There are 2 protein chains.
Amino acid sequence: MSDIDFSKVLIAQGGGPTAVINQSLVGAILESRKFRCVDRVYGALHGVRGIVNEDFVDLTQETTHNLEMVACTPSSALGSTRDKPDLKYCHEIFEVLRAHGIGCFFYVGGNDSSDTVRIVSEEAQRARYPLRVMHIPKTIDNDLMINDHTPGFPSAARWVAQAFAGANLDNWALPGVYIAVVMGRHAGFLTAASALGKKFPDDGPHLIYVPERAFDTEKFLADVKATMDRYGRCVVAVSEGIADANHTPIAAKLAEQIEKDAHGNVHLGGGALADMLTELVKTKLGFKRVRADTFGYVQRSFVGCVSDVDQREAREVGEKAVQLALWGDRDGSVTIHRTGFYSVDYQLTPLEAVAGKTKVMPDEFISESGTDVTDAFRLYLRPLLGSGMPDAFRLRHNHVAKILKK
Amino acid sequence: MSDIDFSKVLIAQGGGPTAVINQSLVGAILESRKFRCVDRVYGALHGVRGIVNEDFVDLTQETTHNLEMVACTPSSALGSTRDKPDLKYCHEIFEVLRAHGIGCFFYVGGNDSSDTVRIVSEEAQRARYPLRVMHIPKTIDNDLMINDHTPGFPSAARWVAQAFAGANLDNWALPGVYIAVVMGRHAGFLTAASALGKKFPDDGPHLIYVPERAFDTEKFLADVKATMDRYGRCVVAVSEGIADANHTPIAAKLAEQIEKDAHGNVHLGGGALADMLTELVKTKLGFKRVRADTFGYVQRSFVGCVSDVDQREAREVGEKAVQLALWGDRDGSVTIHRTGFYSVDYQLTPLEAVAGKTKVMPDEFISESGTDVTDAFRLYLRPLLGSGMPDAFRLRHNHVAKILKK
């Protein structure tokens, strides 16, 4: 592969935005520019779609200062796409890369994007086109194989933990049932992160439902009732992707019309699941104050809630991808591996090991009840949330003796 | 009123929680303890409900350090209530206050709470019970009369601005129509705050719908279409309380079952409005990628998003309430008045001027189109958001010449 001409490298971003995806972008841009062999760093606008459309911007002309500002801005600065190239699409990609003399392509993205990189890599080899392609991981779902965790997840997890810490306080002040639906079709990591918002033993979320466990409506109602009986209030975290024992999504059961996006994934957005669960609790259990939120897009793009650990790691995977590409001799995915309490290292992993696969929560992270996380999960997640996590405090209740005692 | 025995004072919190309501609580507690005449500071748990139930805690036994930590924690630390006392309820309040020898009562709350304070004040005078009662303002809705703005609003406004800044970036990366429903039944201040998330001229929110302007579905669809034609994307901010020309809430039009809370307010929560607007845009305009969020409870209780200006002012209104109560000779509401660019002063305002009334956005804050804010509103809101507002940055698009030009 020494015949690769690295003078022009191309970077693109795919899939859903995260709070730190631009750290990876900027890490890759700045690291590329350190190599003598690299003359130009191009960015494709809106992922692979931008490649076939030749929508390139010259990132070499960008100032370092603005790049550093962009790195701290959430959501893909180059734009994103949901396109998943097939063979024909890949041929179009080669044609454009060849025409522009691009020798190295970095794609920042999740499962689907890593699969795109895999196809492009295989097609390049088949077509004997000298190209180095690298997948740089990101996804708030934390569902990439091999990786201890994925850039973007820690910041989203922090947002969810902070949201539940607040929701718990709100629910304490005005008691009742509160349900919040969290992103996650197949993996419950982000929903489970709600547990990190707990501080005092009676804090919520009292119940956590992840897609890794079959959701049973009767069991759910019994859980909520038991929690209300015990605490007089109940905070519930629910993954959007919860499904019954037959793997039928609870949300899909309701939706009369199911919208499918380009990847064939069922779109589970909207407030339908939250509103249905609310109605269930009201009608079946008779509780009056039942409220629900669907966290939605804000949990992945909110400006001003980021984990510094996540920022650092996202930057590093971008840098490492460039080093591994330009000094190495094979394509792959940069993966994160935990080495201590808390430290990480990065490795180059074959694309087949990551591409298009989904990691879910291991059993050791889910309590036996199926509605809580374990200490192992807390130990796993806590260091990822970064420094300066806000903390909640309570008044100590030094009760005054009643006089009238009515 | 010199016959008032100030040795015991009582504090309670009512209505919906805010990010800074405990600043006011702690301000009032610590200031009370500076007065020689005050021996005990009690807190009533869950507002006026806690008074009639004699659910008092002795805040004098609390440490200053923990009070300072509680001050920085969102959501009513004493708990809240939606109860709105009638005459009978007020007599029960007096009975308890008299039994416990309480001479001064501070109630932190919004419109409904200020009306409670008014009734309690009038009943005390009628019953010739020597009592000083003070209303300490708070509400994320920013709808209290006389006040330039109300504690709690700036932090909630900051949250909304940060959420829209992120949603705009997300919508730029993956273009389409994005709609977010913001809290606010009658006043559009919080929804209008979304405009402060804009930085670049083509940033969203491109359309802002507040309850102060009649909502017309056809006009809405035309607005969205025009924005899509112009920018290829569209970010929309909508108040939950938008209503048609006959003052019928758009959300209520849909809801087959309308739930009423204890104050007779229609509960407009849930994802119904967002989901209906999404369906409208999809079916009537044919756009495929239409997404919606309902910000819900998280916008008022999120831990870790607060305006330092809001914190300071919330603390001060608590302190001023105590000073005005113990050095003054009349009941009232502490109100915030803007005196410069930017500075404020506090005054004691008669309860009748504030109680149970609703302030809405003045015409000068709403653009002629009815779907944007004016510079006057930006000038009004910007200083309230406080320091360290996160900023969004973009890559400059130095386009690379196309070669294949397919």
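Conventions used here
Residues numbered from 1 in each chain as written. Chains lettered and ligands numbered in written order. Predicted model: local features only at pLDDT ≥ 70, side-chain atom pairs only at ≥ 80, totals over all residues. Heavy atoms only, no water. UniProt positions renumbered as here; feature names shortened; annotations may be inferred. Pairing = 2+ DSSP bridges. Helix = DSSP H or I, 4+ residues; strand = E, 2+ residues; numbered from the N terminus. Axes fitted to C-alpha atoms, helices over the stretch in contact; angles between N-to-C directions. Contact = heavy atoms within 4.5 Å. Salt bridge = Lys/Arg side-chain N within 4 Å of Asp/Glu carboxyl O. Buried < 20%, exposed > 50% of the residue type's maximum accessible area, 1.4 Å probe, protein only. Phe/Tyr/Trp six-rings, centres within 6.5 Å; stacked < 30°, edge-to-face > 60°. Parallel < 35°, antiparallel > 145°, perpendicular 65-115°, else oblique. Left-handed = near helix turned anticlockwise from the far one by under 90°. Nonpolar A, V, L, I, M, F, W, Y, C, P; charged D, E, K, R; others polar. Least-squares fit on C-alpha atoms with pLDDT ≥ 70 in both.

Chain A goes by Pyrophosphate--fructose 6-phosphate 1-phosphotransferase in an unreviewed UniProt entry, where it is assigned to Methylosinus trichosporium. As stated in UniProt under Subcellular location (unreviewed entry), the record for chain A gives "Cytoplasm". According to the UniProt record, the Cofactor (unreviewed entry) comment for chain A is "Mg(2+)".

**Comments concerning the pairing of strand 11 (residues 343–349) of chain B**
Residue and element names in this part refer to chain B. One ladder, built from 7 bridges, connects strand 10 (residues 332–340) with strand 11; its direction is antiparallel. Its bridge partner lying in strand 11, Val-334 is registered against Leu-348. Between the antiparallel neighbours strand 10 and strand 11 lie 2 residues.

**Concerning the environment of Phe-189 of chain A**
Mapped onto the elements, Phe-189 of chain A comes out in helix 7 (residues 189–192). For the pair Phe-189 of chain A and Phe-153 of chain A, spaced 36 residues apart in the sequence, the C-alpha separation amounts to 8.5 Å.

**Considering the sheet that holds strand 11 (residues 343–349) of chain A**
Residues and elements named next belong to chain A. Across the sheet, 7 strands lie side by side as 3-2-1-4-5-10-11; this open sheet has mixed pairing. Only two strands of the sheet have a single partner each, and these edge strands are strand 3 (56–58) and strand 11. In this sheet, neighbouring strand axes are inclined to one another by 25 degrees on average, regardless of whether the strands run parallel or antiparallel. Where helix 12 (residues 308–327) meets the sheet, it contacts strand 4 (104–109), strand 5 (132–137), strand 10 (332–340) and strand 11, and its direction lies at approximately 165 degrees from that of strand 5.

**Topic: the pattern of salt bridges**
Under the criterion given, the structure shown has 45 salt bridges over all chains. As a salt-bridge pair, Lys-402 of chain A and Asp-55 of chain B come within 3.6 Å of each other at their nearest N and O atoms. Here Lys-402 of chain A is found in the segment after helix 13 (375–381), whereas its partner Asp-55 of chain B is found in the loop between helix 2 (47–52) and strand 3 (56–58) on a different chain. Under the relative-accessibility criterion, Lys-402 of chain A is labelled partly exposed at 38%. Linking Asp-223 of chain B and Lys-219 of chain B is a salt bridge whose minimum nitrogen-to-oxygen distance equals 3.1 Å. Within this pair, Asp-223 of chain B and its partner Lys-219 of chain B are both found in helix 8 (residues 217–231), separated by 4 residues, close to a single helical turn. Given a relative accessible area of 13%, Asp-223 of chain B falls into the buried group.

**Some details on the packing of aromatic side chains**
Scanning the entire structure with this criterion turns up 36 aromatic pairs over all chains. Here Trp-159 of chain A and Trp-159 of chain B contribute two aromatic rings whose centre-to-centre distance is 6.5 Å and whose plane-to-plane angle is 45 degrees, an arrangement assigned as tilted. One end of the pair, Trp-159 of chain A, is in helix 6 (residues 153–173); the other, Trp-159 of chain B, is in helix 6 (residues 153–173), on a second chain. In terms of burial, Trp-159 of chain A and Trp-159 of chain B fall into one category: buried.

**As for the packing of helix 8 of chain B against helix 10 (residues 272–285) of chain B**
All names here are of chain B. Where helix 8 contacts helix 10, the two axes come as close as 11 Å, and the packing angle between them is 70 degrees. Considering the angle they form, helix 8 stands roughly perpendicular to helix 10. Considering how the two elements wind past one another, helix 8 and helix 10 form a crossing that is right-handed. Along its contact with helix 8, which presents Thr-217, Phe-220, Leu-221, Val-224 and Lys-225, the element helix 10 presents Leu-277, Leu-280, Val-281, Lys-284 and Leu-285. Residues of the contact of helix 8 with helix 10, tallied by class, amount to 7 nonpolar, 1 polar and 2 charged.

**So, the relation of the copies chain B and chain A**
Each copy superposes on the other: chain B lies on chain A with an RMSD of 0.0 Å after a rotation of 180 degrees and an axial shift of 0.0 Å. Such a combination of rotation and displacement between the chain copies is what one expects of a two-fold axis. By C-alpha distance to the rotation axis, the residue of chain B lying nearest is Gly-271 of chain B, at 2.2 Å. Interface overlap between copies: 100% of the residues of chain B at the interface are likewise at the interface in chain A, consistent with a symmetric, same-surface contact.

**So, unusual backbone geometry**
Residues and elements named next belong to chain A. The omega angle of the peptide bond from Gly-204 to Pro-205 is 5 degrees, so this bond is cis rather than trans. Here Pro-205 is to be found in the loop between helix 7 and strand 7 (207–209). Positive phi, close to 60 degrees, is recorded for His-46, a residue that is not glycine. Topologically, His-46 is positioned in the loop between strand 2 (40–44) and helix 2 (47–52). By relative accessible area, which is 21% here, His-46 ends up partly exposed. One non-glycine residue, Glu-54, lies in positive phi territory at about 55 degrees.

**Some remarks on the UniProt feature "site: Important for catalytic activity and substrate specificity" (unreviewed entry) in chain A**
All names here are of chain A. Here, the residues flagged by UniProt with the feature "site: Important for catalytic activity and substrate specificity" (unreviewed entry) are Asp-112. Within the secondary structure, Asp-112 is located in helix 5 (residues 111–126). The class of Asp-112 is partly exposed, set by a relative accessible area of 25%.

**Focus on the UniProt feature "site: Important for catalytic activity" (unreviewed entry) in chain A**
Taking the UniProt record as the reference, the feature "site: Important for catalytic activity" (unreviewed entry) is found at Lys-138 of chain A. With respect to the helices and strands, Lys-138 of chain A occurs in the loop between strand 5 and helix 6.

**Observations regarding the environment of Asn-53 of chain A**
Positionally, Asn-53 of chain A belongs in the loop between helix 2 and strand 3. Taking the C-alpha atoms as reference points, Asn-53 of chain A and Pro-17 of chain A, separated by 36 residues in sequence, lie 21 Å from one another.

**So, the sheet that holds strand 3 of chain B**
Residue and element names in this part refer to chain B. Reading across from one edge, 3-2-1-4-5-10-11 is the order of the 7 strands in this open sheet, with mixed pairing throughout. Because the sheet does not close on itself, it has two edges, and the strands there are strand 3 and strand 11. In this sheet, neighbouring strand axes are inclined to one another by 25 degrees on average, regardless of whether the strands run parallel or antiparallel. On top of the sheet, helix 1 (residues 21–32) reaches strand 1 (8–13), strand 2 (40–44), strand 4 (104–109) and strand 5 (132–137); it is set at about 175 degrees to strand 1, its chief contact. Its contacts with the sheet place helix 12 (residues 308–327) against strand 4, strand 5, strand 10 and strand 11, and it is angled at close to 165 degrees to strand 5.

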